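# Working through the structure, step by step
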Amino acid sequence: MRDWRAAPFVVAVLTLTLTPARADDGAIIARWYSALLVADRTGLSELLADDVRIKLDDLGVVQSKQEFIASIDEWKGAVASAAIRHRIEKSEAGVTTVIACYDFPNNDMLMQETFAVTGNRITATSQAAIAENCDGF
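The text that follows walks through the structure, step by step, so that each part is easy to find. (Residues numbered from 1 in each chain as written. Predicted model: local features only at pLDDT ≥ 70, side-chain atom pairs only at ≥ 80, totals over all residues. Heavy atoms only, no water.)

## Remarks on the overall build of the protein
Put simply, the test is: Runs of E in the DSSP output that reach at least two residues are strands. Runs of H or I that reach at least four are helices, and both are numbered from the N terminus. Here the term buried applies to any residue with accessible area under 20% of the maximum for its type, exposed to any over 50%, and partly exposed to those in between, with areas from a 1.4 Å probe on protein chains only. By definition in these notes, contact holds between two residues if any of their heavy atoms fall within 4.5 Å. The Shrake-Rupley method, run with a 1.4 Å probe sphere, supplies the accessible areas, and residue values consider only the shown protein chains as cover.
What the protein contains, in helices and strands, is four helices and six strands. Ordering the α and β elements of the protein from the N terminus gives α-α-β-β-α-α-β-β-β-β. Buried positions account for 34% of the 137 residues belonging to the protein. Intrachain contacts of the protein at a sequence separation of at least 6 include 45% that bridge at least 24 residues. Accessible area for the protein stands at about 8500 Å²; split by element, carbon and sulfur atoms hold 55% of it.

## With respect to the state of the cysteines
Put simply, the rule reads: Disulfides are defined as pairs of cysteine sulfur atoms found within 2.5 Å of each other.
Tallied over the full model, the rule gives one disulfide. One disulfide in the model links Cys101 with Cys134; its S-S distance is 2.0 Å. Looking along the S-S bond of the Cys101-Cys134 disulfide, the torsion reads about 105°, which is the right-handed sense. Taken together, the residues span a long stretch of sequence, with Cys101 in strand S4 (residues 95–103) and Cys134 in the segment after strand S6 (121–131) at a distance of 33 residues. The same class applies to Cys101 as to Cys134, namely buried.

Structure, rendered in C-alpha cells:
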C-alpha cells in the first residue's frame with residue numbers, strides 16, 4: 001500500500017513548476033505590446049516564431065511573419081501618440097486570451113486577442129474587435 005499523505009505535496013510541487021510557464025507567457029505578451037506600441041520591428045521579429053500565423057479576423061487576413069513585419073512601417077504612423085492597455089483574461093491549453101484597448105488620439109477600440117506561445121516565441125495570434133470604444137476596460 002502506498003502512502004497517500006504525500007499527494008498534496010506532489011500536487012503543490014507540480015503546480016509551482018507549471019506556474020513559471022504561464023508567467024513567461026505573460027511576460028512575452030507584455031513585451032509584444034511594448035514592441036507593438038513603438039513599432040519595434042526587431043523586437044516583434046524576435047518574439048515571433050518563423051512559421052507564425054497572424055490572423056486579423058476583422059480584415060479577413062492571415063499574415064506570415066514576413067508579411068506582418070513588412071506592415072510595421074504603416075502601423076508606425078497609426079500608433080504615433082497612441083497607448084495600448086491590456087489584461088490577460090485566461091490562459092488554458094497553451095493559448096492566452098487578452099483584452100486590449102488600443103487608445104488612438106482620435107478614437108479607441110477594444111480587441112480580443114489570443115496568443116499561442118511555444119519556446120518563448122509566439123506561434124499563432126488572432127485579433128478581433130469586440131467594441132468600438134474602451135468604455136469599461
